[in-house]
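If you want the building blocks of each chain, they are given just below.
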Amino acid sequence: MYLKLTNRFNWVEIRVRDLEKAKRFYESLFSWKITGDENKDYAYWLIDTGEKLGGGMWRFPEGKPLGVLIYILVDDVEKALEKIVKLGGKVVVPKSKENGNTMATFADPDGNLFGLYEYAKE
């Protein structure tokens, strides 16, 4: 089980167009282990850097912006989103659930994008 310390960076997601090309690049550059199946419609590959902080690489659809998204672990995504709006940030992708966990994307007042992540309550 993961240590659930909140308000820390929790996950890094790299959005790419060509998963095989990106895989070769990052494995050659950093010796990361990247696993996934290119043939799936929803291609999301896992990145193992050898450290605790995990990551994924996602084949992002044409027309959507590429880049890196850092997820921050919080106790309550809904409360964090409310506070973000009060402090001048914006909700970019409303909260959603996947495998019982909750996530959302927000922009800070300067437009920098971050993800929020809340583990399912046990």
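Here, the structure is the one placed above.
Residues numbered from 1 in each chain as written. Predicted model: local features only at pLDDT ≥ 70, side-chain atom pairs only at ≥ 80, totals over all residues. Heavy atoms only, no water.

Caption draft 1: Main features of the overall build of the protein. Assigned secondary structure in the protein consists of two helices and eight strands. Along the protein, from the amino end to the carboxyl end, the secondary structure elements read β-α-β-β-β-β-α-β-β-β. Here the C-alpha atoms of the protein give a radius of gyration of 15 Å, agreeing with the 14 Å that 2.2 N^0.38 yields for 122 residues. Seen along its three principal axes, the alpha-carbon backbone of the protein occupies a region of about 40 × 35 × 25 Å. For the protein, with 122 residues in total, the buried portion stands at 33%. Carbon and sulfur atoms make up 55% of the accessible area of the protein, which totals about 8,300 Å². (Helix = DSSP H or I, 4+ residues; strand = E, 2+ residues; numbered from the N terminus. Rg over C-alpha atoms; globule rule 2.2 N^0.38 Å. Buried < 20%, exposed > 50% of the residue type's maximum accessible area, 1.4 Å probe, protein only. Areas by Shrake-Rupley, 256 points an atom, 1.4 Å probe, with all protein chains shown as cover.)

Caption draft 2: The arrangement of the pattern of salt bridges in detail. Summed over the entire model, instances satisfying the criterion amount to five salt bridges. Its salt-bridge partner being Glu62, residue Arg17 comes within 3.6 Å of it at the nearest N-O pair. Here the residue Arg17 occupies a position in the loop between β1 (8-16) and α1 (19-30), and Glu62 occupies one in the loop between β4 (54-59) and β5 (67-73), the gap between them amounting to 45 residues. In this structure Glu62 comes out as exposed when scored by relative accessible area, which is 67%. (Salt bridge = Lys/Arg side-chain N within 4 Å of Asp/Glu carboxyl O.)

Caption draft 3: How the structure looks around the nonpolar core. Ile14, Val16, Leu19, Ala22, Tyr26, Trp32, Ile34, Ala43, Trp45, Ile47 and Met57 form the largest nonpolar core, which has 11 residues in total. Where this core is concerned, the elements lending two or more residues are β1, α1 and β3 (44-48). Per-element tally for this core: the top contributor is α1, with three residues. Aside from chain neighbours lying at most four places away, what touches Ala43 is Leu19, Asp37, Met57, Trp58 and Arg59. (Core = buried A, V, L, I, M, F, W, Y, C linked by side-chain atoms within 4.5 Å. Contact = heavy atoms within 4.5 Å.)

Caption draft 4: Region of interest: the environment of Arg17. Here Arg17 falls in the partly exposed class, since its relative accessible area comes to 29%. One polar contact links the side chain of Arg17 to the main-chain carbonyl oxygen of Pro61, over a distance of 2.9 Å. (Polar contact = N/O pair within 3.5 Å; in protein donor to acceptor, adjacent residues only side chain to side chain.)

Caption draft 5: The arrangement of α1 in detail. Taking 1.5 Å of rise per residue, 12 residues should cover 16 Å, and α1 covers 16 Å from first to last C-alpha, within 8% of that figure. The set of residues buried in α1 consists of Leu19, Ala22 and Tyr26. Along the long axis of α1, the arc covered by the buried residues comes to 65°, so they all point the same way. Counted as exposed and oriented over 90 degrees from the buried face of α1: Lys21 and Ser28. (Expected span 1.5 Å × (residues − 1). Arc of directions from axis to C-beta.)

Caption draft 6: Main features of unusual backbone geometry. We note that Asn7 has phi near 65°; this positive angle belongs to a residue other than glycine. Relative to the assigned elements, Asn7 resides in the segment before β1. One non-glycine residue with positive phi stands out, namely Asn99, at about 55°. Relative to the helices and strands, Asn99 resides in the loop between β6 (90-98) and β7 (101-107).

Interpretation in functional terms is not warranted from these geometric data alone.
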